[in-house]
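Understanding the architecture of this molecule
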Amino acid sequence: MVFVQLIFPFILSLSDGMFNVMITVEGYFKFLFRITVPFALLFELPVGAMFLTTLGVLTPDHMKNIRKYAYFAIMVVSTLLTPPDFLLPLLVSVPFILLYEASIHLSKASIEKKQEQLKTFMQQESI
């Protein structure tokens, strides 16, 4: 959890020596849960894209056409999830952009597999 190692010291530095910071186990695990769950859900992007492609809701061409809007949304979400810093939103957004590109490729592979199955089905029916 690289992000937790970067975010936690930042949050602790907010007191700037003015407060005694007392962290409970419950508070620490709530913090970890609130940080890891959004990241875990966002890392499911390729699986969701494949599922929506299988249902016919999403296509790789559509994902390519809205790429610039998706990148903008990824930057906004990564900025909202991280502390006000310059480096951290970039560190968060780069993996998500790579996941978006992987989603496009997996969506394309899903369509090709579906077309191949349809072709073999049609060949079997013609025999």
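As a starting point, this report considers the structure included with it. (Residues numbered from 1 in each chain as written. Predicted model: local features only at pLDDT ≥ 70, side-chain atom pairs only at ≥ 80, totals over all residues. Heavy atoms only, no water.)

**Some details on the pattern of salt bridges**
Evaluated as defined, the whole model comprises 2 salt bridges. Put simply, Glu-26 and Lys-30 hold a salt bridge, and the shortest N to O gap is 3.5 Å. Placement of both Glu-26 and Lys-30 in helix H2 (residues 25–42) is noted, with a separation of 4 residues, approximately one turn of the helix. Lys-30 sits in the partly exposed class, given a relative accessible area of 42%. Residue Arg-67 is joined to Glu-101 by a salt bridge in which the shortest nitrogen-to-oxygen separation is 2.9 Å. Taken together, the residues span a long stretch of sequence, with Arg-67 in helix H5 (residues 67–81) and Glu-101 in helix H6 (residues 87–126) at a distance of 34 residues. When its relative accessible area of 27% is taken as the criterion, Arg-67 is described as partly exposed. By relative accessible area, Glu-101 is classed as buried at 19%. (Salt bridge = Lys/Arg side-chain N within 4 Å of Asp/Glu carboxyl O. Helix = DSSP H or I, 4+ residues; strand = E, 2+ residues; numbered from the N terminus. Buried < 20%, exposed > 50% of the residue type's maximum accessible area, 1.4 Å probe, protein only.)

**Some thoughts on the packing of H5 against H6**
The geometry of H5 relative to H6 is characterised by a closest axis approach of 9 Å and an angle of 145 degrees between their N-to-C directions. Crossing of H5 against H6: the hand is right-handed. Here Arg-67, Ala-70, Tyr-71, Ile-74, Met-75, Ser-78 and Thr-79 of H5 come into contact with H6, specifically with Pro-89, Leu-90, Val-92, Ser-93, Phe-96, Ile-97, Tyr-100, Glu-101 and Ile-104. Here the contact of H5 with H6 is built from residues that sort into 11 nonpolar, 3 polar and 2 charged. (Axes fitted to C-alpha atoms, helices over the stretch in contact; angles between N-to-C directions. Left-handed = near helix turned anticlockwise from the far one by under 90°. Contact = heavy atoms within 4.5 Å. Nonpolar A, V, L, I, M, F, W, Y, C, P; charged D, E, K, R; others polar.)

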